[in-house]
Amino acid sequence: MKHSNWHEFIKGIYRENPVLVSLLGLCPSLAVTTQTINGITMGLTTTMVLLGSNIFISLLKKHIPANLRIPSYIVVIATFVTLIKITLEAFSPDVNEALGIFIPLIVVNCIILGRAEAFASKNTVGRSILDALGMGIGFTLALTLVALIREVLGAGQITLKVAGAGPVYDLKGLFEIFGLVNDQGEKAPFLIFLLPPGAFIILGLLMGFMNFLQTHIKKRILVLKQKKLMSDKNKPLKD
Amino acid sequence: MKTTKQNIYMLPLITLFSGLLIAFFYYALFHQIERTKTQKELKIKAAFFPRGEYFQKVDPFFEIVHDKEKNIIGYLLSTSDHSGYGGEVKFIVALDPDFMILDFQMTENQETPGLGSKVNDPQFRKAFKGIYPFPEYLPDNKKDFPDKLGINALSGATVTSLATIRALSAKADKYVHYVYQPMWDAVQKAFDQYEVENPTPYYIKIWRERRIQQELYELSQGVSQ
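For the structure given in this document, a descriptive report is provided here. Fair warning: this is a prediction, and the values are worked out from it, not measured in the lab. (Residues numbered from 1 in each chain as written. Chains lettered and ligands numbered in written order. Predicted model: local features only at pLDDT ≥ 70, side-chain atom pairs only at ≥ 80, totals over all residues. Heavy atoms only, no water.)

1. Side note on the overall build of chain B
Part 1 of the reasoning: Assigned secondary structure in chain B consists of 7 helices and 5 strands.
Part 2 of the reasoning: When the elements of chain B are put in sequence order from the N terminus, they spell out α-β-β-β-β-β-α-α-α-α-α-α.
Part 3 of the reasoning: Relative to the compact-globule value of 17 Å for 225 residues, chain B shows a C-alpha radius of gyration of 25 Å, a clear excess of over 25%.
Part 4 of the reasoning: Across its three principal axes, chain B shows a C-alpha extent of roughly 95 × 50 × 35 Å.
Part 5 of the reasoning: Look at the contacts in chain B between residues 6 or more apart in sequence, and 43% of them connect residues 24 or more apart.
Part 6 of the reasoning: When the accessible area of chain B is evaluated, it comes to approximately 14,300 Å², of which 57% is carbon and sulfur surface.
Part 7 of the reasoning: For chain B, the centre of its 27 positive side-chain charges and the centre of its 27 negative side-chain charges are spaced 9 Å apart. (Helix = DSSP H or I, 4+ residues; strand = E, 2+ residues; numbered from the N terminus. Rg over C-alpha atoms; globule rule 2.2 N^0.38 Å. Contact = heavy atoms within 4.5 Å. Areas by Shrake-Rupley, 256 points an atom, 1.4 Å probe, with all protein chains shown as cover. Lys, Arg positive; Asp, Glu negative; His and termini not counted. Charge placed at Lys NZ, Arg CZ, Asp CG, Glu CD.)

Now the structure itself:
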């Protein structure tokens, strides 16, 4: 069944969010989300690679043989990752340094290969672009949310500084309100949230919340549909 | 037949095109990458030595920093260690004229974003100020950090902290003799003056030069070991 273009775009943000629903791309989601800006830049970088690879694979879908599709996709994805890395090295070395080894790891990010195999190889270029944008934005939002929560709880600040520009918001006042200060009066954040166990905890809680939200919304939609059916039943028939 | 032909040429064609695209991109941006690297290094050097005017490059790893009046105001040491959490970590270390650490900056690394990269935090770097970059003055392991530096190692980045220590003490002994450079310059000047007033016979001059070269060579071999 073919969905509308809007559906292809929006599904990546909510209904089929790659991190919180499909559980794809968990490695960068856990590893780089120690600062808010890292989450945002990682998400945007992945989105660009996703966009480029989806376009390219959709253009070549009729020419790539079925039994050679996986190595072909990997070559295309690796090419775009390399191009992005070279561009970041040239124009934004701070972002390149901040993300480090996780930029080359985008090549083996399940989201990109998954979307290439499941969508771009079977749809037009236009729909592949919408799918890539939706999935990329969904991935970026998920990473930003995880990073924001981890940094607020684990470091007591929100870092939006990139290339030497941008603010860093210190949340000392908030910690003082909740009494989370040490003997010297400095804020005492929960370091565990900056470490891998904390990342798992936050991600797990967000996944549970997403699951609850989707189940709750599905129930509401079902109730509304039933109400509409009942009201349609009671309507008098037209002559 | 057509499918077989497609199987044969498609993947090499994609690979060839990808290689050409990457090569073109790299060729187009190569100078920009070099410029960005140099600008970043110059920024770091200017931050370490705001009064620095001349950077005398002794070798790829060591520079002597002079001010406007050509006085030595410090040294810059490029050093590295291969045992960081993700691989090699590279540093630029600023030393004062007495060869004590003024500051340092990790320039290249493969460490975990947000954890190992905290080595560049001002609070961690401040603890090393005024310490000599030799193994006797720096911590050996995580437990030595409070005694020798007055701080703990970075939480969640112990491996990177220890790699930093090893990098800071890696090359300092090779260049510490430059601390005595002003003294040697003064001695050389006085000696030249003496030579003018009391000229040495030619054959003794040759023997003396040869002997000095031999001693310097033996000294550099002994220090690098």
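2. Quick look at the layout of surface pockets
Part 1 of the reasoning: Put simply, the second largest pocket is a space of about 1,000 Å³.
Part 2 of the reasoning: Every residue lining the second largest pocket is counted, 38 residues in all, and those nearest its centre are Lys-37, Lys-40, Lys-90, Thr-107 and Glu-108 of chain B.
Part 3 of the reasoning: Every element with two or more residues in the lining of the second largest pocket is listed here: helix H4 (69–91) and helix H5 (93–99) of chain A together with helix H1 (2–48), strand S2 (62–66), strand S3 (72–81), strand S4 (89–95) and strand S5 (101–108) of chain B.
Part 4 of the reasoning: Ranked by residues supplied to the lining of the second largest pocket, first place goes to H1 of chain B with 11 residues.
Part 5 of the reasoning: Among the residues making up the lining of the second largest pocket, the classes are represented as 14 nonpolar, 10 polar and 14 charged. (1 Å grid on protein atoms, 1.4 Å probe; cavity = no way out; pocket = protein on both sides within 12 Å on 5 of 7 lines; lining within 4 Å. Points joined across faces, edges and corners; volume = space filled by probe spheres on them. Nonpolar A, V, L, I, M, F, W, Y, C, P; charged D, E, K, R; others polar.)

3. Points about the environment of Thr-144 of chain A
Residue and element names in this part refer to chain A.
Part 1 of the reasoning: Mapped onto the fold, Thr-144 is located in helix H7 (residues 125–155).
Part 2 of the reasoning: Classification of Thr-144 by relative accessible area gives buried; the value is 19%.
Part 3 of the reasoning: Note: C-alpha distance between Thr-144 and Val-181 (37 residues apart in sequence) is 26 Å.
Part 4 of the reasoning: Leaving out residues up to four positions away in the same chain, Thr-144 has contacts with Thr-36, Gly-39 and Ile-40. (Buried < 20%, exposed > 50% of the residue type's maximum accessible area, 1.4 Å probe, protein only.)

4. Things to note about the packing of H4 of chain A against helix H6 (residues 110–120) of chain A
Residues and elements named next belong to chain A.
Part 1 of the reasoning: The geometry of H4 relative to H6 is characterised by a closest axis approach of 10 Å and an angle of 130° between their N-to-C directions. By the angle class used here, H4 and H6 are oblique. The handedness of the crossing between H4 and H6 is right-handed. Contact residues: H4 offers Arg-69, Ile-70, Tyr-73, Ile-74 and Ile-77, while H6 offers Ile-112, Leu-113, Ala-116 and Glu-117.
Part 2 of the reasoning: Counted by class, the contact of H4 with H6 contains 7 nonpolar, no polar and 2 charged residues. (Axes fitted to C-alpha atoms, helices over the stretch in contact; angles between N-to-C directions. Parallel < 35°, antiparallel > 145°, perpendicular 65-115°, else oblique. Left-handed = near helix turned anticlockwise from the far one by under 90°.)

5. Some details on the interface of chain B and chain A
Part 1 of the reasoning: Between chain B and chain A, the contact holds 29 residues from the first and 33 residues from the second.
Part 2 of the reasoning: Overall, the association of chain B and chain A removes approximately 2,600 Å² of surface from exposure, summing both partners, and the carbon and sulfur fraction of that is 72%.
Part 3 of the reasoning: At the junction of chain B with chain A, the criterion picks out 1 salt bridge.
Part 4 of the reasoning: The salt bridge partner of Lys-40 of chain B is Glu-97 of chain A, with a shortest N-O separation of 2.4 Å. (Buried area = accessible area lost by both parts, 1.4 Å probe. Salt bridge = Lys/Arg side-chain N within 4 Å of Asp/Glu carboxyl O.)

6. Considerations on H7 of chain A
Part 1 of the reasoning: Its 31 residues place the ends of H7 of chain A 43 Å apart at the C-alpha level, agreeing with the 45 Å of an ideal helix rising 1.5 Å per residue.
Part 2 of the reasoning: In the stretch just after H7 of chain A, Gly-156 of chain A is the one whose phi turns positive, near 70°. (Expected span 1.5 Å × (residues − 1).)

7. Brief notes about the sheet that holds strand S1 (residues 54–59) of chain B
Residues and elements named next belong to chain B.
Part 1 of the reasoning: Across the sheet, which stays open at both edges, the 5 strands sit in the order S1-S2-S3-S4-S5 with antiparallel pairing between neighbours. Every interior strand has two partners, whereas the edge strands, S1 and S5, have only one. Here the average twist between neighbouring strands, direction ignored, is 20°.
Part 2 of the reasoning: Sheet topology places S2 next to S3; 5 bridges connect them, and they run antiparallel. Note that in S3 the partner of Phe-62 across the bridge is Leu-77.
Part 3 of the reasoning: Where helix H4 (residues 158–168) meets the sheet, it contacts S3, S4 and S5, and its direction lies at approximately 125° from that of S3. (Pairing = 2+ DSSP bridges.)

8. Brief notes about the state of the cysteines
Part 1 of the reasoning: Summed over all chains, the structure comprises 0 disulfides over all chains.
Part 2 of the reasoning: Free of any disulfide, Cys-27 of chain A has its nearest cysteine sulfur in Cys-110 of chain A, 9.3 Å distant. (Disulfide = S-S within 2.5 Å.)

9. Here we look at the environment of Val-89 of chain B
All names here are of chain B.
Part 1 of the reasoning: The topology assignment puts Val-89 in strand S4.
Part 2 of the reasoning: In sequence terms Val-89 and Ala-167 are 78 residues apart; their C-alpha atoms lie 8.0 Å from each other.
Part 3 of the reasoning: Sequence-distant contacts of Val-89, defined by excluding residues within four places in its chain, comprise Thr-79, Ser-80, Asp-81, Gly-84, Met-106, Glu-108, Asn-109, Glu-111 and Ala-163.

10. Regarding a nonpolar patch on the surface
Part 1 of the reasoning: Taken together, the side chains of Phe-190, Ile-192, Ile-201 and Leu-205 of chain A make up a nonpolar region of the molecular surface, amounting to roughly 370 Å² of accessible area.
Part 2 of the reasoning: Along the chain, the position of Ile-201 of chain A falls in helix H9 (residues 196–234). (Patch = residues over 30% accessible without salt bridge, like charges linked within 9 Å, V, L, I, M, F, W, Y side chains within 5 Å.)

11. Structural notes on the pairing of S4 of chain B
All names here are of chain B.
Part 1 of the reasoning: In terms of burial, S4 is a largely internal element, 6 of the 7 residues being buried.
Part 2 of the reasoning: As defined by bridge partners, S4 adjoins S5 across 6 bridges and the pair is classed as antiparallel. The residue of S5 that forms the bridge with Leu-95 is Ile-101.
Part 3 of the reasoning: What sits between the antiparallel neighbours S4 and S5 is a turn of 5 residues, in which Phe-99 has the positive phi angle 70°.

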